[in-house]
Amino acid sequence: MKAILEVKQLVKKYGDFTAVDGISFDIMEGEIFSLLGPNGAGKTTTISMLSTLYIPTSGEAVIGGHSVTKEPMAVRNLIGVVPQDLALYEDLTARENLAFWGQMYGLSGKTLNARIEQVLEQIGLVDKAKDRVKTYSGGMKRRVNIGVGLLHKPKLLFMDEPTVGIDPQSRRLILDSVKELNKQGMTVLYTTHYMEEAEELSDRVGIMDNGKLIALGTQAELTKQVGEMETLILHVGENDDPERLAVALRSLKMVRKADVTDHTVSVIVPEAEQALAPAVTRANELGIKIHSVDMREPNLEAVFLHLTGKALRD
Amino acid sequence: MKKIYNIIWKDTILRFSSLSELLFFLILPLIFTFILAGGTGTQNADNRIRLLVVDQAQSPLSAQIIAELAKSATVRPDVLTLSKAESEFQARNASVLLVIPADCDSQTLRTAAIVLDLRQMPDNLNAQAAQRAVQAVLYRLGSAVSIAKNAVTEAEKLRSFASELDRQAYFDTALASAQSLMNSAPDRENVVMGGTIDPIQYDPRANSSAGQMITWVFIPLIGISGAFAYERQRGTLRRLLTSPTGKGTYLLGTILGNVLWSLVQMTLLVSFGALILKVHWANNPAALAVMMTTSALAAAALGTMLGTFVKTEAQASGLSIMLGMVMALLGGCWYPLELFPAVVQNLVKVLPTTWAMQGMLDILLRGQGVIGILPVAGVLLAFAAVFFVIGILRFKYE
Ligand SMILES: Nc1ncnc2c1ncn2[C@@H]1O[C@H](COP(=O)(O)OP(=O)(O)OP(=O)(O)O)[C@@H](O)[C@H]1O
Ligand SMILES: [Mg+2]
């Protein structure tokens with residue numbers, strides 16, 4: 001597989017402050033790559049450099065064989081950008097916005113009109129196309145914001161936190177359309193601070209914090225790299241003593257740890273599923289009733305916690 | 001090119017998406033022009049300043065002075081008896097009164113100066129203008145007289161005159177030919193004499209039509225700064241600069257669109273001035289086109305430069321209204337510059353509005369053509385160049 005984007009030691013400083021601190025990664029053609037990181041991690045700054053808006057302090061990025069610093073115009077023809085903050089003319093209608101931006105990307109005539117219709121369909125705003133954007137809900141505006149980035153069918157689409165602050169319905173529509181676009185062959189660089197989105201969408205994930213790329217790989221690779229155990233959570237009845245159960249479970253060979261909080265026992269094991277049957281047997285022996293069971297696989301949240309010692313969302 | 005057209009189109013929709021824009025584009029300028037012009041004009045009305053004249057000499061020379069005054073674009077001589085003229089003046093029916101003394105004839109003139117008596121209302125703009133007009137006429141006659149005097153002296157060196165009558169006859173002939181020479185070259189005289197004798201010509205309709213046009217065209221053009229702030233605040237500028245559209249295309253489209261709209265606006269206001277107020281905008285259409293374009297470019301450039309200093313759209317719109325008004329006031333668009341002290345008159349030459357107004361009045365009141373207004377147009381273009389260079393060099397997406 002071929003890399004469509006290669007980033008090498010990219011640095012951006014604002015005065016003394018280093019917003020992006022020497023990050024390197026590649027994105028393969030046809031991939032959805034997520035940059036996951038908390039507020040201020042440097043995601044937007046990275047995208048701004050890759051989309052030729054900011055000039056990097058040092059380092060280099062190449063998109064489709066063109067340097068972002070030396071051949072910005074060639075790069076701009078390959079990329080689409082969905083900025084974190086809405087970038088629309090609110091006094092124009094959705095259709096007028098699409099028409100204007102399409103023309104700025106060099107589309108015109110029949111091609112443009114056809115693309116506008118397709119995009120309106122894609123973002124689910126055919127009915128509202130004639131209304132001014134300022135009359136739209138937040139979610140609808142976000143969808144137009146995305147639509148603008150799709151018009152010229154970019155090879156590589158940058159989406160900077162496209163789901164921030166919107167209703168679940170719009171979010172679902174956006175996530176689904178990202179997957180659909182990817183199926184049609186578009187490569188996507190997606191930034192988010194929602195672990196779930198990164199998990200749902202991405203082939204590979206880069207975790208950013210304080211301007212640095214602190215981990216990079218598929219989800220499986222990342223979680224393995226952390227060596228996180230799975231967690232089995234047993235909810236016991238009100239009248240039962242969870243501490244007794246915990247003591248009993250600690251004697252099992254596979255159990256590394258068993259903690260009690262309120263009426264639950266959290267058991268750390270390499271494989272939660274395998275531990276379930278023995279744990280239930282022990283509980284029965286003790287006459288303790290188990291109400292329900294949860295199993296947690298290791299997730300990116302845990303990876304982030306492990307690497308930085310802090311939660312992804314504060 | 002297509003992109004530039006699209007940018008202009010987008011700006012046009014945005015601009016006129018609120019009806020209040022029409023208020024600034026046409027309604028307010030028309031109302032102000034109309035009010036300050038003092039109502040409508042009629043095609044044949046003589047709106048020159050009434051100048052009471054008392055001719056005590058009844059000589060060919062005094063008749064000549066009156067005839068010259070009658071040709072003036074500024075004053076309309078009204079010859080009356082002394083008592084009648086004085087009562088008119090007392091009644092404030094006229095702001096200036098000129099008494100031509102009995103000794104005003106070419107005989108006295110050949111040997112001595114003649115003192116004319118000009119009375120005027122204090123602090124009266126029309127009176128000041130009339131005074132300048134009278135001075136200009138006398139200056140022209142005076143120059144002719146001194147030429148004629150010289151002619152007599154020179155002639156006397158070559159031959160002696162048979163009699164005093166002969167000498168007077170020779171003087172009169174020389175005076176007449178000097179006058180006709182000067183009359184046939186009025187432009188040269190204006191240029192050579194420059195500001196010192198250039199008569200102020202004040203015509204409320206022309207001044208209002210030109211002044212209000214400049215005021216209301218400068219305000220939205222300075223407001224280009226607001227368009228830049230708007231695009232920066234909305235993030236659309238950042239988005240544009242990640243598209244294959246260059247910064248140059250964006251700037252050109254935005255500026256060109258605004259300049260074109262200002263030309264439309266000016267054409268409408270000029271039509272109003274010409275048709276309703278009977279202002280002589282049709283004097284020289286080519287010169288008018290040059291003045292409109294260069295004024296618009298200077299204002300647009302100022303807006304472009306300010307656009308790199310303002311932070312928000314609100315700031316920009318406040319600033320452009322304030323700056324546009326102040327510059328128009330100081331530039332003589334609301335009151336004639338001649339009302340200001342000389343120092344101020346020189347200071348305000350740093351404002352493009354001053355030059356724009358001067359150029360417009362050159363066309364309207366001083367009958368200048370393209371060549372005549374070229375220096376003014378040149379100054380406006382220089383303003384445009386300086387402001388554009390600063391603006392474009394400083395231009396940023398955030
Ligand atoms: N123009 C600027 N000048 C100075 N500092 C800046 C500028 N832009 C961003 N920063 C700083 O750089 C850091 C990274 O910002 P950036 O916007 O890239 O983060 P982010 O990961 O996109 O965060 P968020 O999730 O909040 O969008 C932040 O600390 C921010 O304050
Ligand atoms: Mg961001």
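Model, not experiment: these values are computed from the prediction.

### Quick word on the coordination of the magnesium ion (ligand 2)
Residues and elements named next belong to chain A.
At step 1: Around the magnesium ion (ligand 2), the donor atoms from the protein are T44 (OG1) and Q84 (OE1), and they sit 1.8 to 2.0 Å away. Taken together, the residues span a long stretch of sequence, with T44 in helix α1 (residues 43–50) and Q84 in the loop between β6 (79–82) and α3 (94–104) at a distance of 40 residues.
At step 2: Residue class for T44 comes out partly exposed when judged on its relative accessible area of 26%.
At step 3: Taking relative accessible area as the criterion, Q84 reaches 24% and is therefore assigned partly exposed.

### Quick word on the site of ligand 1
Residue and element names in this part refer to chain A.
At step 1: Around ligand 1 lies a shell of 13 residues, among which K43, T44, T45, Q84 and E161 are the nearest.
At step 2: The separation between an oxygen atom of ligand 1 and a polar main-chain atom of A41 is 3.2 Å.
At step 3: A distance of 2.9 Å separates an oxygen atom of ligand 1 from a polar atom in the backbone of G42.
At step 4: The protein chains hide 65% of the 640 Å² of surface that ligand 1 would expose on its own.
At step 5: Of all the secondary-structure elements, those providing two or more residues to the shell around ligand 1 are β2 (17–28) and α1.
At step 6: With 3 residues, α1 is the largest single contributor of residues to the shell around ligand 1.

### Section: the sheet that holds strand β8 (residues 187–192) of chain A
All names here are of chain A.
At step 1: Taken in spatial order, the 6 strands of this open sheet run β6-β7-β8-β3-β9-β10, and their pairing is mixed. Here the strands that pair on one side only, and so sit at the sheet edges, are β6 and β10 (212–217). Between one strand and the next, the sheet's axes are offset by a mean angle of 15°, whatever the strand orientation.
At step 2: Note: strand β3 (residues 32–36) against β8, 5 bridges, orientation parallel. The residue bridging F33 from the neighbouring strand is L189, located in β8.
At step 3: Lying over the sheet, helix α5 (residues 138–150) contacts β6 and β7 (156–160), oriented at roughly 170° with respect to β6.

### Topic: the packing of aromatic side chains
At step 1: Inspection of the entire model under this criterion finds 16 aromatic pairs over all chains.
At step 2: Plain terms: the ring middles of Y89 of chain A and W101 of chain A are 5.8 Å apart, the flat faces sit at 10° to each other, and that makes the pair stacked. On the criterion of sequence distance, the pair formed by Y89 of chain A in the loop between β6 and α3 and W101 of chain A in helix α3 is long-range, its members being 12 residues apart.
At step 3: Ring geometry for Y89 of chain A against Y230 of chain B: centres 6.4 Å apart, planes inclined by 10°, an arrangement best described as stacked. Remark: Y230 of chain B occurs in helix α10 (residues 224–234) and Y89 of chain A occurs in the loop between β6 and α3; the pair is interchain, linking two chains. Comparing Y89 of chain A with Y230 of chain B shows no difference in burial state: the two are buried.

### Some words on the domain arrangement of chain B
At step 1: The domains assigned to chain B are domain 1 (49–181) and domain 2 (203–394).
At step 2: Taking only C-alpha atoms, the centre of domain 1 of chain B and the centre of domain 2 of chain B are 43 Å apart.

### What about the sheet that holds strand β3 (residues 96–100) of chain B?
Residues and elements named next belong to chain B.
At step 1: Across the sheet, which stays open at both edges, the 4 strands sit in the order β2-β1-β3-β4 with mixed pairing between neighbours. In this open sheet, the two edge strands, each paired with only one partner strand, are β2 (75–80) and β4 (117–120). Looking at each pair of strands side by side, their axes are set apart by 25° on average, direction ignored.
At step 2: Taken together, the 6 bridges between strand β1 (residues 49–55) and β2 define a ladder with parallel strand orientation. Across the sheet, residue I49 finds its bridge partner in β2, namely V75.
At step 3: Contacts from helix α3 (residues 60–71) reach β1, β2 and β3 within the one sheet, and its direction differs from that of β2 by about 145°.
At step 4: Strand contacts of helix α6 (residues 125–158): β1, β2, β3 and β4, with the helix running at about 160° to β4, the strand carrying the most contacts.

### Topic: the interface of chain A and chain B
At step 1: If you look at the interface, chain A gives 31 residues, while chain B gives 24 residues.
At step 2: Buried surface at the junction of chain A and chain B, both sides included, amounts to about 2400 Å², of which 60% is carbon and sulfur.
At step 3: When the area that chain A buries against chain B is broken down by residue, the three leading residues are L53, Y89 and M104 of chain A, summing to 29%.
At step 4: Counting across the interface, chain A meets chain B through 0 salt bridges.
At step 5: Connecting chain A to chain B are 14 residue pairs in polar contact (both at pLDDT 80 or more).
At step 6: The set of elements that each furnish at least two residues to the side of chain A that touches chain B consists of α2 (72–78), β6, α3 and α5 of chain A.
At step 7: No other element matches the 5 residues that α3 of chain A contributes to the side of chain A that touches chain B.
At step 8: Split into classes, the residues belonging to the side of chain A that touches chain B amount to 17 nonpolar, 9 polar and 5 charged.

Rules behind the numbers
- Residues numbered from 1 in each chain as written.
- Chains lettered and ligands numbered in written order.
- Predicted model: local features only at pLDDT ≥ 70, side-chain atom pairs only at ≥ 80, totals over all residues.
- Heavy atoms only, no water.
- Donors = N, O, S within 2.8 Å, 3.2 Å for Na, K, Ca; no water.
- Helix = DSSP H or I, 4+ residues; strand = E, 2+ residues; numbered from the N terminus.
- Buried < 20%, exposed > 50% of the residue type's maximum accessible area, 1.4 Å probe, protein only.
- Near = heavy atom within 4 Å.
- Polar contact = N/O pair within 3.5 Å; in protein donor to acceptor, adjacent residues only side chain to side chain.
- Areas by Shrake-Rupley, 256 points an atom, 1.4 Å probe, with all protein chains shown as cover.
- Pairing = 2+ DSSP bridges.
- Axes fitted to C-alpha atoms, helices over the stretch in contact; angles between N-to-C directions.
- Contact = heavy atoms within 4.5 Å.
- Phe/Tyr/Trp six-rings, centres within 6.5 Å; stacked < 30°, edge-to-face > 60°.
- Domains from an automatic or database assignment.
- Buried area = accessible area lost by both parts, 1.4 Å probe.
- Salt bridge = Lys/Arg side-chain N within 4 Å of Asp/Glu carboxyl O.
- Nonpolar A, V, L, I, M, F, W, Y, C, P; charged D, E, K, R; others polar.

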